[in-house]
Amino acid sequence: MGSLLSCLSAPAPLASPPPPVAKRGSSTSSSRRASSAKAVAIDEEALAAAAALVLAQRNGGGGGAFDRSASVRYAAKRQHQGPPLPRSSSTRPRSLADPELQPQQLLAKDLNTNDLETNIIVLVHGGGFGAWCWYKTISLLEDSGFKVNAIDLTGSGIHSYDTNKIGSLTQYTEPLTSYLKSLGDNEKVILVGHDFGGACISYAMEMFPSKVAKAVFLCAAMLKNGHSALDMFQQQDVSLASVSMRPIPFAPVLEKLALTDENYGSVRRFYVETTEDNAIPLHLQQGMCESSPPEKVLRLKGSDHAPFFSRPQALHKALVEIAAMPPPVQASS
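Since the model is a prediction, treat every value here as computed from it, not as a measurement. Within each chain, residue numbers correspond to sequence positions counted from 1 in written order. Only residues with pLDDT of at least 70 get local features here, since the model is predicted, and only at 80 or more are side-chain atom pairs given and counted; chain-wide, interface and lining totals rely on the full set of residues. Side-chain metrics rest on all non-hydrogen atoms present in the structure, leaving aside hydrogens and water.

Notes on the nonpolar core
Right, on to step 1. Formed by 44 residues in total, the largest nonpolar core has its most connected members in Val 122, Leu 176, Leu 180, Leu 191, Phe 196, Met 205 and Phe 217.
Right, on to step 2. Helix and strand assignments follow DSSP, with helices taken as H or I runs no shorter than four residues and strands as E runs no shorter than two, numbered in order from the N terminus. Elements represented by at least two residues in this core include exactly strand E1 (120-124), helix H4 (169-172), helix H5 (174-181), strand E3 (189-194), helix H6 (197-207), strand E4 (212-218), helix H7 (229-233) and helix H9 (282-291).
Right, on to step 3. Looking at which element gives the most residues to this core, the answer is H6, with 6 residues.
Right, on to step 4. Membership of the second largest hydrophobic core comes to 32 residues, among which are Phe 129, Val 148, Cys 219 and Leu 315. The term nonpolar core refers to a set of buried residues drawn from Ala, Val, Leu, Ile, Met, Phe, Trp, Tyr and Cys, joined through side-chain atoms within 4.5 Å. Here's how the labels work: a residue is buried when its accessible area is under 20% of the maximum for its type, exposed when over 50%, partly exposed in between, all with a 1.4 Å probe on protein chains only.

Considering the confidence of the model for the protein chain
Right, on to step 1. The predictor attaches a confidence to each residue, called pLDDT, with possible values from 0 through 100. With 62% of its residues at a pLDDT of 70 or more, the protein chain shows a mean pLDDT of 76.
Right, on to step 2. In this analysis, two residues are considered to be in contact whenever any of their non-hydrogen atoms come within 4.5 Å of each other. The low-confidence segment residues 1-28 (pLDDT under 50) makes 34 contacts with residues lying over four places distant or belonging to another chain.
Right, on to step 3. Throughout residues 52-94 the model reports pLDDT below 50, and contacts reaching past four residues in sequence, or to other chains, amount to 73 contacts.

What to know about the sheet that holds strand E6 (residues 296-300)
Right, on to step 1. Taken in spatial order, the 6 strands make up an open sheet running E2-E1-E3-E4-E5-E6, and their pairing is parallel. Strands at the two margins of the open sheet, each flanked by one partner only, are strand E2 (147-151) and E6. Taken over all neighbouring pairs, the strand axes of this sheet differ in orientation by 20° on average, direction set aside.
Right, on to step 2. Bridge analysis of E4 against strand E5 (residues 268-274) gives 5 bridges, and the strand direction is parallel. In the sheet register, Val 216 faces E5, and the bridge partner there is Phe 270.
Right, on to step 3. Where helix H3 (residues 135-143) meets the sheet, its contacts fall on E1 and E2, and the angle it forms with E2 comes to roughly 160°.
Right, on to step 4. Lines are fitted to the C-alpha atoms to define the axes, a helix being fitted only along its stretch in contact, and any angle between axes, read from their N-to-C directions, falls within 0 to 180 degrees. In the packing of H6 onto the sheet, the strands contacted are E1, E3, E4 and E5, and the crossing angle to E3 comes to about 150°. Two strands qualify as a pair provided DSSP detects at least 2 bridges between them.

Set out below in structure tokens:
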């Protein structure tokens with residue numbers, strides 16, 4: 001969400017650690033250096049892909065599908081720079097918790113997205129992020145047959161607006177609510193909210209319950225009526241500056257949500273937990289689920305607070321699983 005606490009002040013830069021002392025004949029030191037170089041290369045890949053997306057959107061070309069990897073887009077440039085970059089944008093080595101599979105392998109063989117209640121998925125970023133952070137998720141979902149829209153909330157991503165002038169959740173979520181308002185009478189979507197985006201999709205669910213088939217809270221603020229995002233974060237003193245790409249307005253974070261059973265409560269809710277999350281720790285996520293139980297809780301093992309980077313394949317699988325879940329069977333009277 002960004003540095004929401006401590007008056008939004010960013011922590012002072014840390015002093016650079018002393019260089020490691022290499023031991024002659026030590027394979028461990030060489031392995032660590034190789035791992036560090038790989039992490040840097042992967043970071044550069046993610047940043048290059050995000051920058052390319054922003055430029056494409058500014059030039060009017062943001063409607064196409066995203067490339068799966070910047071190493072594909074810039075393959076010619078990298079031909080003299082050693083082996084190609086790994087496809088994952090994670091800064092961690094890929095593990096068995098996030099196997100590299102083709103999108104079709106993550107789907108049931110008989111799943112046709114056109115047969116679902118809706119095949120439209122709307123991705124809502126968290127505080128300090130933007131639509132760009134979903135580039136890997138968008139590519140995977142589109143390859144699987146879904147129609148995907150990633151929203152830039154007011155003052156976020158490439159949305160040029162002074163965040164200091166945003167005074168309410170209504171103003172902050174206007175790009176999302178405008179999109180939902182533009183849908184046809186029989187059109188529904190699946191909303192996915194990350195981080196503070198959870199409060200934003202909650203607001204949208206209350207405003208347009210008939211437009212939302214399902215709501216997915218991805219390590220997100222899933223609040224109860226009368227609570228604000230700040231209320232949640234006051235339960236634990238956490239510094240969130242490390243995940244903030246851009247400042248977010250403080251007023252929407254302070255705003256207490258007005259949620260009703262008739263509107264917000266009528267939408268099917270799902271929660272996706274991230275086990276290695278240092279921004280919204282797992283126990284805090286579980287506390288929200290216990291306080292206001294969703295229909296189902298899924299878990300991304302080994303994921304940090306940005307699963308679209310650290311566990312993109314596992315996140316994709318979870319979203320497809322949720323999208324394919326049929327309505328619960330109604331008990332006969």
